[in-house]
Amino acid sequence: MGALLLSAVLGGFALVYAIHRFLTRPSISDIPGPESTSFWLGHLPELFQEEAGSIDFRWQGQYGGVVRVKAPFGEDMLWISDPKALQYVFQTSGYNFPKQPERRVLSRLIGDTGLTWAEGGVHKRQRKVMLPAFGISESKALLPVFRHYAEQVTLKWKDLLTGHSERSIVLNVHRDVAPATLDAIGEAAFEYKLGALDDSDDTSELGKAYRNLVATIFSAPSNKKLFMTNIAHYVPMCIQDFMYDHLPGKGLDKARFNRHAAHKVANQLLATKTEALLMGKGDRDIMSILVKANAAEVGTGKLSHDEIVAQMRTILLAGQETTSNTLSWALLELARQPDIQTRLRHEIHAMERTIRARGDADFTVADFEAMPYLQAVLREILRFYPAVPHTFRQSLHDDVLPLSKPITTRSGKVLHEIPIRAGLRVILSVCAYNREEDVWGEDAQVFNPDRWLDSAKLKKRGTTVGVFANLLTFAGGVRACIGWRFAVYELQAFLTELVSHFRFELTPDAARVRKTPAIVMVPTLAGEVQKGVQLPLRVSLAPRDD
């Protein structure tokens, strides 16, 4: 009887404590923010159905760097573009802000249990083994591969231009840029020729599996799809994984075909790379270095076979989707601003003359770094067109977010920091941070490469957030993009090649180009999202000044 009474008393105290914790836990209900028009969907339609970034810029202009927004069922979320708060989440707190479980399930769908899916100790272990493959020298060594596939685009477009009386042609530039970058990542990462740019029966199964992958799966979500995806927040991940693995649907079928093709090739490559290592041989591709680094680990530090296979899908997806879309946006912006395009082309041609004069055949990384306007244009493209406009996290514990500048709550309180509860969902706005006027100046909403040539302004950037040029495009901290150098060199390789040989001009349809959110930001035409990624530009041979 005494034991039962003691259990009842202890249970009562536990219940009272739980109620007390619930009633006194930090709340963000007093933080300013827009009212939601839908209890069932919250602000999800604005984030996922409007143009990428459009709602972010409106919230940023009206409310500042921290905004309370709504998830389904009226649940509060925190939208953030404040530099100090972002620095705290990405860098200071590290693994204390994991991905939301429903976002991790999507990462598994297109990248297995690789680096973009992993959290905590698993992420730390995977990243440690993978880092040697993404060092400075390893990334520089891949430049000839990037240049080769950029040249393949040049050859294809010159062939298309041959015989045209107007000496120009309208091309969906993304249609060739995307497979070329996929071919480049296939050879650079795995010494595997996908043949994606051929666009013929010779294209490998894996090349076909990555064609329009994220656009097919994630673009133009219906209200029903938004609701179901976010209901998953309350469903155990194992159940979500089972559903994604077995439910029918065009996007899910595409993801499963991709997984089958990637696993088939990855298993073959892994066997080949492992055998080469045992024979004392090894190449400079990413997978060979990864296999070697993994062999040097002991015990629980090693990656399993399945984890290494997962990294292949992760690298192919992240490497191709981010680079191809960034390059496509770059060509559109250069078409919009012919003066910038011409100025960049003059610098490229001047460096080509220097290269020839010293007896070399092609660019080196040092040549790129010696071209200030190329560096300025590259950084401005990455600032203005971040491939991934949002990152979604949630707080692991009750915490306090520091702010760059105070905010005034709806009740009139002035806050210099914001207490938050464990489990609070946060939306980290990459696109809005990259347009913060306190960081980038009063003309932050203007595409202006010259901002990167003003050393005085660069010194006033304040809080360090991103891993590259203080941009958030490659994220920061322990979750920073592991292949950011890889991406920077590849972008420069393609930009210098294409701008050197071609002039890009707007077409009437270019006015209809829409920034469609599909995890990454893809170009589509208004009213034609179902047709996939489109970026129609007029392409002609560039004038030479030598």
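Look above for the structure.
Since we're looking at a predicted model, the values are computed, not measured.

Helix and strand content of the chain: 23 helices and 11 strands. Projected onto the principal axes, the alpha-carbon positions of the chain cover approximately 95 × 60 × 45 Å. Within the chain, the proportion of its 546 residues that are buried is 56%. Put simply, 76% of the contacts in the chain that link residues at least 6 apart link residues at least 24 apart. As displayed, the chain has an accessible area near 23,400 Å², and 58% of this comes from carbon and sulfur atoms. Each charge sign in the chain was given a centre, from 65 positive and 61 negative side chains, and these centres are 3 Å apart.

In this section: the sheet that holds strand β11 (residues 536-541). A sheet is described by the order of its strands in space; here three strands give the open sequence β3-β11-β8, paired in antiparallel fashion. The open sheet has two edge strands with one neighbour each: β3 (168-172) and β8 (502-506). Between one strand axis and the next, the sheet turns by 35° as a mean value, whatever way the strands run. Alignment of β3 against β11, held across five bridges, turns out to be antiparallel.

Moving on to the nonpolar core. Among the nonpolar cores identified, the biggest contains 145 residues, and Leu78, Trp157, Leu206, Leu498 and Phe504 are the most heavily contacted of them. Counting residues per element, this core draws most heavily on helix α16 (residues 305-336), which supplies 13 residues. With residues near it in sequence (within four places) discarded, Leu498 still touches Ala150, Val153, Thr154, Trp157, Val177, Leu327, Leu331 and Phe504. Membership of the second largest hydrophobic core comes to 15 residues, among which are Leu44, Met77, Trp79 and Ile427.

Quick look at the pattern of salt bridges now. Applying the stated criterion to the full structure yields 35 salt bridges. Between Glu75 and Arg421 there is a salt bridge, and its shortest N-O distance comes to 3.6 Å. Note that Glu75 is positioned in the loop between β1 (66-70) and β2 (76-80) and Arg421 in the loop between β6 (414-420) and β7 (425-429), a separation of 346 residues in sequence. Look at Glu75 and you get buried, because its relative accessible area is 16%. A salt bridge links Asp112 to Arg313, with the shortest nitrogen-to-oxygen separation between them at 2.9 Å. Here Asp112, found in the loop between α5 (101-111) and α6 (120-130), pairs with Arg313, found in helix α16; they are 201 residues apart in sequence, far enough to count as distant. Each member of the pair, Asp112 together with Arg313, is buried.

With that settled, the discussion passes to the packing of helix α19 (residues 372-384) against helix α23 (residues 484-501). Close contact between α19 and α23 brings their axes to 11 Å; oriented N to C, the two are set at 115°. Handedness of the crossing formed by α19 with α23: right-handed. Along the contact surface, α19 presents Leu374, Gln375, Leu378, Ile381 and Leu382, while α23 presents Val488, Leu491, Gln492, Leu495 and Thr496. For the contact of α19 with α23, the per-class residue count stands at seven nonpolar, three polar and no charged.

Looking at helix α13 (residues 237-246), one finds that the buried residues are Gln240, Asp241 and Tyr244. In an axial view of α13, the angular spread of the buried residues amounts to 100°, which keeps them on one side of the axis. Along α13, exposed side chains directed more than 90 degrees from the buried face belong to Cys238, Phe242 and His246. In the core, the buried residues of α13 are packed alongside α5, α12 (223-231) and α14 (250-278).

This brings us to the state of the cysteines. As used here, a disulfide is simply a covalent bond connecting the sulfur atoms of two cysteines. Counted according to the given criterion, the structure contains zero disulfides. Cysteine Cys481 is unpaired, with the sulfur of Cys431 as its nearest cysteine sulfur at 18 Å.

Right, let's talk about the pairing of β6 for a bit. Looking at chain direction, strand β5 (residues 399-408) and β6 are connected through six bridges and run antiparallel. When the sheet's bridge partners are listed, Val400 is paired in β6 with Pro419. Hairpin geometry of β5 and β6 is characterised by an intervening segment of five residues between the two adjacent antiparallel strands and by a positive phi of about 100° at Gly412.

Take His349: it is sitting in helix α17 (residues 338-357). Among residues more than four places away in sequence, those in contact with His349 are Ser500, Pro543, Arg544 and Asp545.

About the thresholds
Residues numbered from 1 in each chain as written. Predicted model: local features only at pLDDT ≥ 70, side-chain atom pairs only at ≥ 80, totals over all residues. Heavy atoms only, no water. Helix = DSSP H or I, 4+ residues; strand = E, 2+ residues; numbered from the N terminus. Buried < 20%, exposed > 50% of the residue type's maximum accessible area, 1.4 Å probe, protein only. Contact = heavy atoms within 4.5 Å. Areas by Shrake-Rupley, 256 points an atom, 1.4 Å probe, with all protein chains shown as cover. Lys, Arg positive; Asp, Glu negative; His and termini not counted. Charge placed at Lys NZ, Arg CZ, Asp CG, Glu CD. Pairing = 2+ DSSP bridges. Axes fitted to C-alpha atoms, helices over the stretch in contact; angles between N-to-C directions. Core = buried A, V, L, I, M, F, W, Y, C linked by side-chain atoms within 4.5 Å. Salt bridge = Lys/Arg side-chain N within 4 Å of Asp/Glu carboxyl O. Left-handed = near helix turned anticlockwise from the far one by under 90°. Nonpolar A, V, L, I, M, F, W, Y, C, P; charged D, E, K, R; others polar. Arc of directions from axis to C-beta. Disulfide = S-S within 2.5 Å.

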